[in-house]
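Analysis of the macromolecular model
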Amino acid sequence: KKRTDLKPETFKPYSLPITKKSIAGYVAITGETLNIPDVYNLPPKAGFEFNRDFDKRNRYRTKSMLNVAMKDTEGKIIGVLQLINSTDSQGKVVSFGTSIESLVSSLASQAAVAIKNAQLIKEIKAVFEALIQYSVSAIDARSPFTAGHSKGVAKYTMALARALNDTHEGPYAN
């Protein structure tokens, strides 16, 4: 059954403190996979708690939960993949099967690698842009007669590159 009463802000991302008291925090610190049949019935000595705020705000009932650490290629944990409320073929909420754990673990690893790659690309772009700015400043500093010219050339070159990148028809489409 599709819910239509959820507000757009329901799924906006927000930060959580990394602490062993929360389920995701526990997984982020320990790297353990947690497959919990019912988050409202955690054992007293679990050491972590389920935060009921989302359920209260949205009149929702989280039951089963699978939490897997997202580890990059060096084994560093960069996030937690959290799946909520597995369902059977009749739509009834059930526990996550152990067979799904390895699939979700693979998905978490792929997601971690994708995130790490995106971060690296962003860093490379920043270094490249800094190198261009430094080069332009060095060239402009050589002569007071050409000061500002190289910055202008760099600005127009970047505008041309963006325009070419945004072209989807004609000889520059590819």
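Figured I'd write up the structure that's included with this text. Residue positions are counted from 1 within each chain, in the order its sequence is given. Owing to the predicted nature of the model, reporting of local features is limited to residues with pLDDT of at least 70; listing and counting of side-chain atom pairs is limited to 80 or more, with chain, interface and lining totals taken over all residues. With hydrogens and water stripped out, all remaining heavy atoms of the structure feed into the side-chain values.

Looking at the environment of isoleucine 84
Stated formally: Only DSSP runs of H or I reaching four residues or more are called helices, and only runs of E reaching two or more are called strands; each is numbered from the N terminus. Residue contacts follow a heavy-atom distance rule, with two residues in contact if any of their heavy atoms lie within 4.5 Å.
Here isoleucine 84 shows up in strand β3 (residues 77-84). Isoleucine 84 has contacts with Tyr60, Thr62, Ser64, Met65 and Phe96, leaving out every residue within four places of it along the chain.

Comments concerning the side chain of serine 86
Basically, it comes down to this: The buried label goes to any residue with under 20% of its type's maximum accessible area, the exposed label to any with over 50%, and the partly exposed label to all in between, with areas taken from a 1.4 Å probe on protein chains only.
Relative to the elements of secondary structure, serine 86 occurs in strand β4 (residues 86-87). When its relative accessible area of 16% is taken as the criterion, serine 86 is described as buried. Apart from the residues within four sequence positions on either side, serine 86 is in contact with Ser64, Lys92, Val93, Val94, Ser95 and Phe96.

Overview of helix α3 (residues 98-142)
Applicable threshold: The span one expects for a helix is its residue count, reduced by one, times 1.5 Å.
Compared with the 66 Å implied by 1.5 Å per residue over 45 residues, the 67 Å span of α3 between its first and last C-alpha is a close match. Those residues of α3 that sit buried are Val104, Ala108, Ala112, Val136 and Asp140. On its buried face, α3 is in contact with β2 (65-71), β3 and α4 (149-165).

A short note on the pattern of salt bridges
Basically, it comes down to this: Whenever Lys or Arg places a side-chain nitrogen within 4 Å of a carboxyl oxygen from Asp or Glu, that contact is recorded as a salt bridge.
Scanning the model with the defined rule gives two salt bridges in all. Ionic pairing is found between arginine 61 and aspartate 38, a salt bridge with its closest N-O pair at 3.2 Å. With arginine 61 in the loop between α2 (53-58) and β2 and aspartate 38 in the loop between β1 (34-36) and α2, this pair connects stretches of sequence that are 23 residues apart. Lysine 116 is paired through a salt bridge with aspartate 72; the nearest N and O atoms lie 3.7 Å apart. Here the residue lysine 116 occupies a position in helix α3, and aspartate 72 occupies one in the loop between β2 and β3, the gap between them amounting to 44 residues. On the basis of relative accessible area, lysine 116 is assigned to the partly exposed category, the value being 22%. Judged by its relative accessible area of 5%, aspartate 72 falls in the buried class.

Focus on the sheet that holds β2
To keep it simple, the criterion reads: Paired strands are those between which DSSP finds at least two bridges. Note on method: axes are straight lines fitted to C-alpha atoms, helices fitted across the in-contact stretch only, with angles between N-to-C directions ranging 0 to 180 degrees.
The strand order across the open sheet built from three strands is β1-β2-β3, with neighbouring strands paired in antiparallel fashion. In this open sheet, the two strands that pair with only one neighbour each are β1 and β3. In this sheet, adjacent strand axes meet at a mean angle of 15° when their direction is disregarded. Of the strand pairs in this sheet, β1 and β2 are connected by three bridges, and their pairing is antiparallel. For asparagine 35, the partnering residue across the bridge sits in β2 and is leucine 66. Its contacts with the sheet place helix α1 (residues 23-30) against β1, β2 and β3, and it is angled at close to 140° to β3. Against the sheet, α3 touches β1, β2 and β3, its axis set at about 40° to β2.

Overview of the packing of aromatic side chains
Formally: Two rings from Phe, Tyr or Trp (for Trp, the six-membered ring) form a pair when their centres are within 6.5 Å of each other. A pair whose planes differ by under 30 degrees is stacked, one over 60 is edge-to-face, and the rest are tilted.
Tallied over the full model, the rule gives three aromatic pairs. Look at tyrosine 26 and phenylalanine 48: their rings are 5.0 Å apart centre to centre, the planes differ by 50°, and that puts the pair in the tilted class. Taken as a pair, tyrosine 26 in helix α1 and phenylalanine 48 in the loop between β1 and α2 lie far apart in primary sequence, 22 residues in all. What makes tyrosine 26 buried here is its relative accessible area of 15%. Look at phenylalanine 48 and you get buried, because its relative accessible area is 11%. Ring centres of phenylalanine 54 and tyrosine 60 lie 5.9 Å apart, and the angle between their planes is 75°; on these two criteria the pair is classed as edge-to-face.

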